[in-house]
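Spelled out, the chains give:
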Amino acid sequence: MLTCSKGRMDDKIKTFSKFGDTGRGGITRFSLSPEALAARDEFCRRCRALGMTIVTDDMANIYATIPGEPGKPAILMGSHADSVKQGGNYDGILGVLTALEAAETIVTEKIPHAHPVTVVIWTNEEGARFEPAMMSSGVITGKFDKAAMLASVAKDTGDITFGEALDASGYKGQEANRLNPAKALGLLELHIEQGPVLEAEGRDIGVVEGVCGMVNYEFTFLGQADHAGTTPMKYRKDALYAAVKTIQYLHDELDKLDPRLVYTTGKISCHPNIHTVIPDEVRFTLDVRHQDPAVMEQAVAIIKALPAEVAGCAASFTPAWTRKTVAFHTKLVGMVEQASEELGYSSLRMYSGPGHDAQFIADLVPAAMIFVPSVHGHSHCEKEYTPVEQCWQGANVLLHTVLQLDRAGAL
Ligand SMILES: [Zn+2]
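Just so it is clear, the structure is predicted and the values come from calculations on it, not from any experiment.

## Regarding the overall build of the protein
Working step 1: The helix and strand inventory of the protein stands at 12 helices and 15 strands.
Working step 2: Its C-alpha atoms give the protein a radius of gyration of 24 Å, near enough to 22 Å, the size a compact globule of 411 residues would have.
Working step 3: Looking at the 411 residues of the protein, the share that counts as buried comes to 54%.
Working step 4: Taking the contacts inside the protein whose residues are at least 6 apart along the sequence as the reference set, 79% of them involve residues at least 24 apart.
Working step 5: If you sum the accessible surface of the protein, you get close to 17500 Å²; carbon and sulfur atoms cover 52% of it.

Encoded structure:
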């Protein structure tokens, strides 16, 4: 079976690792930063060398296309090229580079195809400098208000808005260039798994069926601040103790649900946070994710059944935000699985815990994702790593899924 070039894959990863190199094995490449623009320039240079035509839309999303037969809808593939602070060389960019490698293989091997093939870079997926995450795929799919996004201020310096950075980037194009669902057959996004499952299960490829729904709650406990040395235990209203008891209770109860449920208390605040004072106000968050809405309802029912008073403290909670489960296009998911099988790779059907641009695009265009293993599950850090062999395998699955879709002509 025809495959991509492992040597070229390796070169792409190494080259793009230089844009924002921290010198410690990772990158800091905030969206629209000089490092990100250098990566975009290199991407466009390589696409032009392959004879691809490049347009950008009003959110600076890049679409680089190998032409197909006139009037045929395009097959799209790609991801994002920005990173979090001190992130890795694979999150997002690997989806761009495997798509570029698949496109390069189509061009250099002169693989016949009826449909145009487009490699996409979505702007500001991480939201690491300008919030929120998945900003530009969100704008073009109507999830976010564009004016509000343009007004988003840089978190680190506070002196520039996303709109100003966009204007200065040289990559802002026409709204008319946005992804047009009427002219798109399907979209594929390859991404690193960002978790340990594929490696632990010894599988080459994750066939991603969708993205898990999630709920995020904030809990508040109000007690009484008193002196740590004078107040007997039985008279205390210790808000931190109440919060700890509740976290323990939530873990015990949520553990009784489906084992694929994941939940996290990642943020906690304690007032006044002084070692000689009994805490009077404690807040914590709970992030809960699962693919099945019925299981999510069970989790929410456990939260809603919490008592209004814990250890003498007033307890309350509010939902901060929620995200519904997104199911990818079943036929396209099947094509990913088939391509993987034909290439002789082992695969595992799975849901994504993290969010990705493809979940927004799935509202407009049939979409699916391909995961490759993350060594030790590390991601959003400099230790993030996927061996080139596995990146190349992912590129091969991407290539052959695109070719399958091209032959099918419809979903
Ligand atoms: Zn990503």
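More follows now that the structure is in view.
## Topic: the pattern of salt bridges
Where charged atoms of side chains with opposite charge meet at close range, the side chains can pair.
Working step 1: As enumerated under the stated definition, the model contains 23 salt bridges in all.
Working step 2: Notably, a salt bridge pairs Lys6 with Glu389, separated by 2.7 Å at the nearest N-O pair. Of the two residues, Lys6 is situated in helix α1 (residues 6–16) and Glu389 in helix α12 (residues 388–408); the sequence distance between them amounts to 383 residues.
Working step 3: Within the structure, one salt-bridge network assembled from shared partners comprises Arg8, Lys12, Glu101 and Glu104.

## Side note on helix α6 (residues 162–169)
An α-helix turns once per 3.6 residues; consequently, residues spaced three or four apart project the same way.
Working step 1: Of the residues making up α6, those classed as buried are Phe162, Gly163, Ala165, Leu166 and Ser169. Seen end-on, α6 carries its buried residues on one side only, within an arc spanning 160 degrees. In α6, those exposed residues whose orientation departs by more than 90 degrees from the buried face are Asp167 and Ala168.
Working step 2: Residues of α6 that are buried make contact with α2 (34–49), α4 (135–140) and α5 (146–150).
Working step 3: Taken from the residues just after α6, Gly170 is the one with a positive phi, measuring 80 degrees.

## As for empty space enclosed by the protein
Working step 1: Within the structure shown, the criterion is met by 3 cavities of 30 Å³ or more.
Working step 2: Roughly 50 Å³ of internal volume is contained in the largest cavity.
Working step 3: Lining the largest cavity, in full, are Ser31, Leu32, Ala36, Arg40, Ala81, Asp82, Ile121, Trp122, Thr123 and Asn124.
Working step 4: Listing elements by their share of the lining of the largest cavity, those giving two or more residues are α2 and β4 (117–122).
Working step 5: Across the lining of the largest cavity, the residue classes tally to 5 nonpolar, 3 polar and 2 charged.

## What about the domain arrangement of the protein?
Working step 1: Partitioning the protein into domains gives domain 1 (6–212 + 325–408) and domain 2 (213–323).
Working step 2: The partner domain 2 presents 6 residues to the 8 residues of domain 1 that form the contact.
Working step 3: Carbon and sulfur atoms make up 46% of the area that domain 1 and domain 2 hide from each other, which totals about 570 Å².
Working step 4: Per-residue buried area on domain 1 facing domain 2 is highest for Cys212, Thr325 and Tyr351; these three make up 70% of the total on that side.
Working step 5: Viewed at the interface, domain 2 and domain 1 are joined by 0 salt bridges.
Working step 6: At the boundary of domain 1 with domain 2, the tally comes to 6 residue pairs in polar contact (both at pLDDT 80 or more).
Working step 7: Of the residues in the side of domain 1 that touches domain 2, the class split is 4 nonpolar, 4 polar and no charged.

Calculation notes
- Residues numbered from 1 in each chain as written.
- Predicted model: local features only at pLDDT ≥ 70, side-chain atom pairs only at ≥ 80, totals over all residues.
- Heavy atoms only, no water.
- Helix = DSSP H or I, 4+ residues; strand = E, 2+ residues; numbered from the N terminus.
- Rg over C-alpha atoms; globule rule 2.2 N^0.38 Å.
- Buried < 20%, exposed > 50% of the residue type's maximum accessible area, 1.4 Å probe, protein only.
- Contact = heavy atoms within 4.5 Å.
- Areas by Shrake-Rupley, 256 points an atom, 1.4 Å probe, with all protein chains shown as cover.
- Salt bridge = Lys/Arg side-chain N within 4 Å of Asp/Glu carboxyl O.
- Arc of directions from axis to C-beta.
- 1 Å grid on protein atoms, 1.4 Å probe; cavity = no way out; pocket = protein on both sides within 12 Å on 5 of 7 lines; lining within 4 Å.
- Points joined across faces, edges and corners; volume = space filled by probe spheres on them.
- Nonpolar A, V, L, I, M, F, W, Y, C, P; charged D, E, K, R; others polar.
- Domains from an automatic or database assignment.
- Buried area = accessible area lost by both parts, 1.4 Å probe.
- Polar contact = N/O pair within 3.5 Å; in protein donor to acceptor, adjacent residues only side chain to side chain.

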